Amino acid sequence: MVELCEVALPVPLRTTFTYAAPQALTAATACGMRVVVPFRNRAMVGVVVANAQEEERRDQVREISEVLDSEPALTPPLIALGRWVASYYLAPVGEVFRAMLPPVVEVRTVRELSRTVAGAQYLGELEALEERTDEERAELAVLTAFAADGQAEGAARLRRLGGGEAAIGRLLRRGALEARVVAKRRTRAPVEFESDAPAEWAPDAPRHALNSEQKRALDAVRADLAAREFRVNLLHGVTGSGKTEVYLGAIEAALAAGRTALVLVPEIALTMALSRLLEARLGREAGVTVLHSALPDGERSAAWWAVRRGAARVVVGTRSAVFAPLERLGLVVVDEEQEASYKQEETPKYHGRDAALVRAKLEGAVVVLGSATPSLESYQNARREKYRLLELPMRVAERPLARVELVDLREDFRQTHSTRALSERLRTAIAERLEAGTQALILINRRGYSWFQLCRSCGAAVECRNCSIALTYHKQRGRLVCHYCAHSRPVLSACPKCGQKYMYFVGEGAEQVEEQLRTEFPRARIGRLDRDKVRTQQEYRKILGAFAAGELDLLVGTQMLAKGHDFHRVTLAGVVSADLALGLPDFRSAERTFQLLTQVAGRAGRGEMHGDVLIQTHYPEHYAIQAGARQDYHAFFEKEAQFRRAMHYPPFAALANVIVRDRKLENAAKWARQLAAILAPEEERGLKVLGPAAAPLARLRGEHRMQFLIKSPKRTLLTQALTRALDACTEKGIPDGAVLMDVDPIGLM
Ligand code: ADP
Ligand code: ZN
């Protein structure tokens with residue numbers, strides 16, 4: 001008797017589907033293998049995740065049409081991890097597994113057409129006509145292209161017939177043709193795995209003698225590795241305290257014990273430098289492999305399978321690399337664990353760090369979370385002794401932390417009456433660096449030239465037509481651009497509301513600060529680093545390489561600048577405005593401000609030379625800015641923890657952001673009312689349900705958005721409530737996809 005399997009398919013549904021295993025396989029051996037199955041009218045690639053329960057309508061179960069793998073792509077712990085992600089984040093299980101699997105390069109899907117019985121009849125009618133219109137002639141050509149039995153034809157060839165495309169559409173609608181999507185094996189040879197990284201910019205890898213704090217931290221992690229048990233360490237080390245060296249030692253220890261290591265970093269751009277450092281230190285045998293979503297499909301597939309087959313023992317990657325198919329996992333490092341980029345903003349909305357913790361638990365691995373500014377969640381876990389806290393309170397080689405000075409912009413304005421982005425104090429400091437031949441970083445955390453265009457007469461800002469947000473002015477492109485949906489339009493000379501010609505620009509972005517610097521310092525060599533200027537990894541490496549080589553004096557840019565880089569000749573870091581994040585309606589805005597300031601401060605004075613940091617602000621008394629200036633994490637944590645506890649925010653409550661959306665406002669409002677009724681009884685179980693209210697981004701990409709915030713004193717209560725709510729939405733006929741759940745949200749827009 002054939003066996004039945006549960007197959008996860010990439011569709012937005014919270015279920016798996018039952019298929020019969022092909023003759024040669026049992027359901028148990030098929031577990032973890034990718035398969036092609038018929039789903040509705042098309043072939044789809046999914047993955048077998050379990051033996052299926054006995055089905056009543058066994059005879060109606062369709063059979064797996066092709067097995068793509070000769071060995072399971074996913075190991076049992078990875079299948080368990082996928083199931084955890086799906087249930088914890090309320091995500092469609094098939095979409096979770098698609099995110100875990102390598103890109104499907106083995107097959108391509110093509111649309112095939114076949115002629116139906118009705119089609120054969122219609123063909124007869126067309127043939128019998130004395131005269132035919134152009135449309136009928138095209139339909140006749142398409143229908144006669146099929147063999148007598150109506151056999152399938154590739155759609156591409158038929159479309160090339162005159163008028164074919166439109167004729168096919170009409171014939172499909174009248175039932176004369178049937179379309180289905182089939183999977184075809186690709187014949188071309190697979191891409192070879194090539195671990196050789198391009199050699200434009202190579203850090204050398206000197207082995208440092210560890211200082212006593214580094215040694216103590218490393219010894220603790222080594223002891224955990226020897227115990228072969230799940231354990232989490234929070235490595236809290238100030239910027240420049242040598243955390244990387246501790247990671248390296250831990251990875252060496254894991255490899256020496258015959259196990260593998262996974263290293264997560266918050267940005268694709270940081271994978272390259274770290275992987276080369278690891279390769280230099282660990283040697284080629286370690287097979288250091290980089291995995292991230294920007295690799296071309298062929299390369300990513302090849303690298304993924306190299307890891308799966310055991311050729312790679314160390315993986316360095318971004319968020320999605322948490323699913324790297326390493327076996328005998330011994331160590332997981334999450335660098336800059338507080339970074340928002342670990343949270344995926346599309347479905348499945350998982351947090352890479354938290355998925356890494358669950359994975360390590362499933363595989364009995366040791367975790368090191370590293371940060372100069374740990375998230376409140378992680379630090380609170382360390383305080384409650386769920387994690388072991390390892391501290392590196394000093395910079396290496398007795399280098400002092402950079403000296404931070406706050407520049408009060410109100411005071412600067414009173415004295416200079418200048419509205420330029422750069423204060424007198426910051427300009428003087430830059431001039432001194434140029435004079436001395438050292439380097440400076442200038443951080444401005446806004447893209448574009450101006451924040452928005454405003455009418456002086458009626459006060460209206462120019463908004464996006466799809467989103468309730470002002471358009472940002474990009475001078476080089478000469479357009480107003482939406483940072484949410486990428487819609488753009490020409491700059492306006494008259495107000496669209498009142499017709500007056502008094503349009504002006506408000507606020508400075510990176511483009512404008514670069515322009516002001518070029519005017520102010522015409523002889524300086526200036527580079528800019530932001531997503532508008534730098535679109536590829538090559539461009540990114542080129543600019544950073546030029547700065548590292550001393551070919552640039554000043555580097556201006558967005559927070560891309562603040563992350564992780566180790567430049568030794570930077571003696572000044574300037575922050576154009578510390579206040580931007582503080583204005584956002586988000587309970588994490590103080591934390592984000594503190595983190596950014598600490599990170600920027602961490603970029604200066606990393607070499608032999610002393611570093612200064614200048615932070616411009618309108619709110620020098622704000623606790624996030626005060627603590628950021630002193631680089632005093634503990635003071636910040638105490639203050640922020642008080643606020644979070646009082647307001648029932650994480651880490652003192654579990655939080656979910658639920659958005660109800662539709663192109664029609666009345667639908668979004670109706671479904672939000674229904675959901676409010678569904679959620680109401682949860683309040684008796686101890687949950688707090690805030691909303692429905694218009695979301696901060698009330699319109700996004702043409703959709704209206706209503707928002708609920710749900711707070712729960714207990715995690716399990718939250719998961720249960722959200723699961724029940726989604727089931728009830730389905731029962732009430734609220735469409736799948738209209739209700740978006742974000743568990744442990746990072747942004748609340
Ligand atoms: P961070 O804690 O900010 O991640 P890094 O790991 O980048 O710091 O280390 C900062 C610098 O100190 C690097 O250039 C690194 O090579 C160097 N370094 C690390 N450990 C030592 C040590 N024990 N003695 C001297 N230099 C060290
Ligand atoms: Zn938009």
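Residues numbered from 1 in each chain as written. Chains lettered and ligands numbered in written order. Predicted model: local features only at pLDDT ≥ 70, side-chain atom pairs only at ≥ 80, totals over all residues. Heavy atoms only, no water.

**Student:** Can you help me understand the overall build of the chain in this one?
**Tutor:** Secondary structure assignment for the chain yields 22 helices and 30 strands. For the chain, the C-alpha radius of gyration of 29 Å lies close to 27 Å, the compact-globule estimate for 749 residues. When its C-alpha atoms are laid out on the principal axes, the chain stretches across 90 × 75 × 60 Å. A fraction of 75% describes how many contacts in the chain between residues 6 or more apart in sequence connect residues 24 or more apart. (Helix = DSSP H or I, 4+ residues; strand = E, 2+ residues; numbered from the N terminus. Rg over C-alpha atoms; globule rule 2.2 N^0.38 Å. Contact = heavy atoms within 4.5 Å.)

**Student:** How should I be thinking about the sheet that holds strand β19 (residues 472-474) in this particular structure?
**Tutor:** Strands in a sheet are paired, the pairing made by backbone hydrogen bonds, and the direction either parallel or antiparallel. Pairing is antiparallel in the open sheet, where three strands are placed in the order β19-β20-β21. Each edge of the open sheet is held by one strand with a lone partner, namely β19 and β21 (488-490). Sheet twist, expressed as the average angle between the axes of neighbouring strands with direction ignored, equals 35°. Relative to β21, strand β20 (residues 479-481) is paired through three bridges, and the arrangement is antiparallel. Paired with R479 across the two strands is P490, which belongs to β21. (Pairing = 2+ DSSP bridges. Axes fitted to C-alpha atoms, helices over the stretch in contact; angles between N-to-C directions.)

**Student:** Is there a simple way to explain the pattern of salt bridges in this structure?
**Tutor:** Under the counting rule described, the total for this entry stands at 47 salt bridges. E337 is the partner of R353 in a salt bridge, and the nearest nitrogen-oxygen pair spans 2.8 Å. Taken together, the residues R353 in helix α12 (residues 352-363) and E337 in the loop between β13 (329-335) and α12 connect sequence positions 16 residues apart. Classification of R353 as buried rests on a relative accessible area of 6%. Of the charged contacts, one joins E638 and R383 as a salt bridge, the two residues approaching to 2.7 Å between their closest N and O atoms. In this pair, E638 is assigned in helix α20 (residues 633-646) and R383 in helix α13 (residues 376-383), connecting sequence segments 255 residues apart. The class for E638 is partly exposed, based on a relative accessible area of 40%. You can call R383 partly exposed: its relative accessible area is 41%. A cluster of three or more residues bridged by salt bridges with shared partners is formed by R403, E432, R433 and D612. (Salt bridge = Lys/Arg side-chain N within 4 Å of Asp/Glu carboxyl O. Buried < 20%, exposed > 50% of the residue type's maximum accessible area, 1.4 Å probe, protein only.)

**Student:** Just to check I follow, could you spell out the coordination of the zinc ion (ligand 2) for this structure?
**Tutor:** All of the protein donors around the zinc ion (ligand 2) are C464 (SG), C467 (SG), C482 (SG) and C485 (SG); their distances to the metal are 2.3 to 2.4 Å. Note that the zinc ion (ligand 2) binds four donor atoms; their angles at the metal cover 101 to 114°, and the shape is tetrahedral. Read in sequence order, the donor residues for the zinc ion (ligand 2) give the motif C-x2-C-x14-C-x2-C. According to the relative accessible area criterion, C464 is buried, its value standing at 5%. When its relative accessible area of 1% is taken as the criterion, C467 is described as buried. (Donors = N, O, S within 2.8 Å, 3.2 Å for Na, K, Ca; no water. Tetrahedral: all angles 85-135°; square planar, octahedral: opposite > 155°, others 65-115°.)

**Student:** Teacher, can you tell me more about the environment of A256 here?
**Tutor:** Along the chain, A256 falls in helix α9 (residues 243-256). On the accessibility criterion, A256 (70% relative accessible area) is exposed. Placed 164 residues apart in sequence, A256 and R420 show a C-alpha to C-alpha distance of 57 Å.

**Student:** Where do I start with the site of ligand 1 in this structure?
**Tutor:** Around ligand 1 sit 16 residues, and of these H208, A209, G240, T244 and D566 come closest. Within the backbone of A209, one N or O atom sits 2.9 Å away from a nitrogen atom of ligand 1. Against a free-state accessible area of 570 Å², the protein chains account for coverage of 82% of ligand 1. Here the residues of the shell around ligand 1 are counted per class, giving four nonpolar, nine polar and three charged. (Near = heavy atom within 4 Å. Polar contact = N/O pair within 3.5 Å; in protein donor to acceptor, adjacent residues only side chain to side chain. Areas by Shrake-Rupley, 256 points an atom, 1.4 Å probe, with all protein chains shown as cover. Nonpolar A, V, L, I, M, F, W, Y, C, P; charged D, E, K, R; others polar.)

**Student:** It is not clear to me how helix α16 (residues 510-520) should be interpreted in this structure. Could you clarify?
**Tutor:** Side chains that are three or four residues apart share a direction in an α-helix, a result of its 3.6 residues per turn. If you check which residues of α16 are buried, you get A510, E511, Q512, V513, E514, Q516 and L517. Residues of α16 that are buried make contact with α15 (424-436), β17 (439-443), β19, β23 (526-529) and β24 (554-557).

**Student:** What is the right way to read the packing of aromatic side chains from this model?
**Tutor:** The geometry of two aromatic rings is summed up by the distance between their centres and the angle between their planes. Tallied over the entire structure, the rule returns 17 aromatic pairs. Seen in terms of ring centroids, Y473 and F505 are 4.2 Å apart; in terms of plane orientation they differ by 20°. Their pairing is stacked. Placement of Y473 in strand β19 and of F505 in strand β22 (residues 503-506) is noted, with a sequence separation of 32 residues between them. Taking the ring centre of Y122 as reference, the NZ or CZ of R174 above it sits at 3.6 Å. (Phe/Tyr/Trp six-rings, centres within 6.5 Å; stacked < 30°, edge-to-face > 60°. Lys NZ or Arg CZ within 6 Å of the ring centre and 35° of its normal.)

**Student:** So what exactly am I meant to see when it comes to the domain arrangement of the chain here?
**Tutor:** Much of the literature gives interface size as the accessible area that the parts lose upon coming together. Domain annotation of the chain identifies domain 1 (4-101), domain 2 (110-185), domain 3 (212-398), domain 4 (403-449 + 508-644), domain 5 (453-500) and domain 6 (654-743). Between the C-alpha centres of domain 1 and domain 5 the distance comes to 47 Å. (Domains from an automatic or database assignment.)

**Student:** Would you explain the sheet that holds strand β11 (residues 288-291) in this entry?
**Tutor:** Strand order across the open sheet formed by seven strands is β11-β12-β10-β13-β14-β9-β15, with parallel pairing between neighbours. Edge positions in the sheet fall to β11 and β15 (388-392), since each has one partner strand and no second. Across the sheet, the axes of successive neighbouring strands diverge by a mean angle of 20°, strand direction being ignored. Judged from the four bridges that link them, β11 and strand β12 (residues 314-317) form a sheet pairing that is parallel. Looking across to β12, one finds that V290 is bridged to V316. The strands touched by helix α10 (residues 268-282) are β10 (260-264), β11 and β12; relative to β12, the strand with the most contacts, the crossing angle is about 160°. Helix-sheet contacts for α13 involve β9 (231-237), β14 (366-371) and β15, and the interaxial angle to β9 is about 115°.

**Student:** Any chance you could explain the nonpolar core here in plain terms?
**Tutor:** Soluble, globular proteins show a tendency: their nonpolar side chains are buried together. Of all hydrophobic cores here, the largest spans 88 residues; its most connected members are F97, L675, F708, I710 and L722. Per-element accounting of this core gives the leading share, seven residues, to helix α22 (residues 715-731). Apart from residues lying up to four places away in sequence, L722 is in contact with L90, A656, V658, I710, M741 and V743. (Core = buried A, V, L, I, M, F, W, Y, C linked by side-chain atoms within 4.5 Å.)

**Student:** Even after reading the chapter, I still don't get empty space enclosed by the protein, so can you show me in this structure?
**Tutor:** Summary: where empty space remains is shown by rolling a probe the size of a single water molecule over the atoms. A full pass over the atoms with the stated rule returns four cavities of 30 Å³ or more. Estimated volume of the largest cavity: approximately 100 Å³. If you go around the largest cavity, the residues you meet are A99, M100, L101, L291, H292, R300, W304, S320, A321, F323 and A324. Of all the elements in the fold, those that place two or more residues in the lining of the largest cavity are α3 (93-100) and α11 (297-308). For the lining of the largest cavity, the class distribution of residues is eight nonpolar, two polar and one charged. Residue-level mapping places the lining of the largest cavity at the junction of two domains, with at least three residues from each of domain 1 (4-101) and domain 3 (212-398). (1 Å grid on protein atoms, 1.4 Å probe; cavity = no way out; pocket = protein on both sides within 12 Å on 5 of 7 lines; lining within 4 Å. Points joined across faces, edges and corners; volume = space filled by probe spheres on them.)

**Student:** Which parts of the structure should I look at to understand the side chain of S418?
**Tutor:** If you trace the backbone, S418 turns up in the loop between α14 (409-416) and α15. Assessed through its relative accessible area of 17%, S418 is described here as buried. At a separation of 3.1 Å, a polar atom in the side chain of S418 contacts the main-chain amide nitrogen of R420.

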